[in-house]
Amino acid sequence: MILAIFLLAVRTERRLANALFAIFLILLAIDVSGWLIESPEFLYSWPNALRTAVTFLQMPFFTGFIAATCFAGTRLRLWHGAHALPFFGALAFTLPGDQLPFGKNGNVEYPLHYLTQDEYTLLFTALDIQYYLYIAAAIAILWQFRSVFRRHYANIRSKIFAWLAWLVAISLIAN
């Protein structure tokens, strides 16, 4: 979180890349915060469902960060908002109530009907599909950057490319 605040506060020529990475780090912190709460009540709670929906925003910001870092002329366009559609779909899906006919949670202690295990399985499958699509896009962006860089600089290695390639590889291994 400290790095995210720093990236948002510092003024550089790569302000878009810094902002996208900072937002990614904040979203990652929200996602990882669920690991710290081991309460069974939290598993099927509305805050956990919201936390799950927010994870659908991580990879668009991560891939946008890679694109903005590789290509300085990257700008946000209106159509980039379409990357948030899975988040809004997941948010609508995770609203309290019985969204899908997979069966009742059977938990009468809580006043709301939370997501069933089958609904969480569907959400996490969609999240995995989204993750691998965005990782493939990040690899394609890095490949394109590498090609352009090699065309202009024959004998020089790009430290940016190496750092981003490691970041994508670590993300892939961690996932």
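Residues numbered from 1 in each chain as written. Predicted model: local features only at pLDDT ≥ 70, side-chain atom pairs only at ≥ 80, totals over all residues. Heavy atoms only, no water.

Considerations on the overall build of the protein chain
- Along its length, the protein chain carries eight helices and zero strands.
- Along its sequence from the N terminus, the protein chain presents helices and strands in the succession α-α-α-α-α-α-α-α.
- For the protein chain, with 175 residues in total, the buried portion stands at 35%.
- Long-range pairs, those at least 24 residues apart, make up 67% of the contacts in the protein chain with a sequence separation of at least 6.
- Approximately 11,100 Å² of the protein chain is accessible, and the part contributed by carbon and sulfur atoms is 69%. (Helix = DSSP H or I, 4+ residues; strand = E, 2+ residues; numbered from the N terminus. Buried < 20%, exposed > 50% of the residue type's maximum accessible area, 1.4 Å probe, protein only. Contact = heavy atoms within 4.5 Å. Areas by Shrake-Rupley, 256 points an atom, 1.4 Å probe, with all protein chains shown as cover.)

Description of the packing of helix α2 (residues 15-33) against helix α5 (residues 58-70)
- Direction vectors running N to C along α2 and α5 enclose 155 degrees, while the axes themselves pass 8 Å from each other. Taken together, the axes of α2 and α5 are roughly antiparallel relative to one another. α5 is crossed by α2, and the crossing has left-handed handedness. In this structure, α2 uses L16, A17, L20, F21, I23, F24, L27, L28 and D31 to contact α5, whose residues at the interface are Q58, F61, F62, G64, F65, A68 and T69.
- Among the residues making up the contact of α2 with α5, the classes are represented as 12 nonpolar, three polar and one charged. (Axes fitted to C-alpha atoms, helices over the stretch in contact; angles between N-to-C directions. Parallel < 35°, antiparallel > 145°, perpendicular 65-115°, else oblique. Left-handed = near helix turned anticlockwise from the far one by under 90°. Nonpolar A, V, L, I, M, F, W, Y, C, P; charged D, E, K, R; others polar.)

A closer look at a nonpolar patch on the surface
- A contiguous nonpolar surface patch, about 520 Å² in accessible area, is contributed by L28, V32, W35, L36 and I37.
- Of note, V32 is situated in helix α2. (Patch = residues over 30% accessible without salt bridge, like charges linked within 9 Å, V, L, I, M, F, W, Y side chains within 5 Å. Salt bridge = Lys/Arg side-chain N within 4 Å of Asp/Glu carboxyl O.)

Remarks on the packing of α5 against helix α8 (residues 159-174)
- For the pair α5 and α8, the least separation of the axes is 11 Å and the interaxial angle reads 170 degrees. Overall, the two elements α5 and α8 adopt an arrangement that is roughly antiparallel. Side by side, α5 and α8 meet where F62, F65, I66, T69 and C70 of the first sit next to I160, W163, L164, L167, V168 and S171 of the second.
- Its residues placed into classes, the contact of α5 with α8 shows nine nonpolar, two polar and no charged.

Focus: the side chain of T52
- Turning to its location among the elements, T52 is positioned in helix α4 (residues 46-54).
- What makes T52 buried here is its relative accessible area of 2%.
- Every residue in contact with T52, bar those within four places of it in the chain, is listed here: Y120, L123 and F124.

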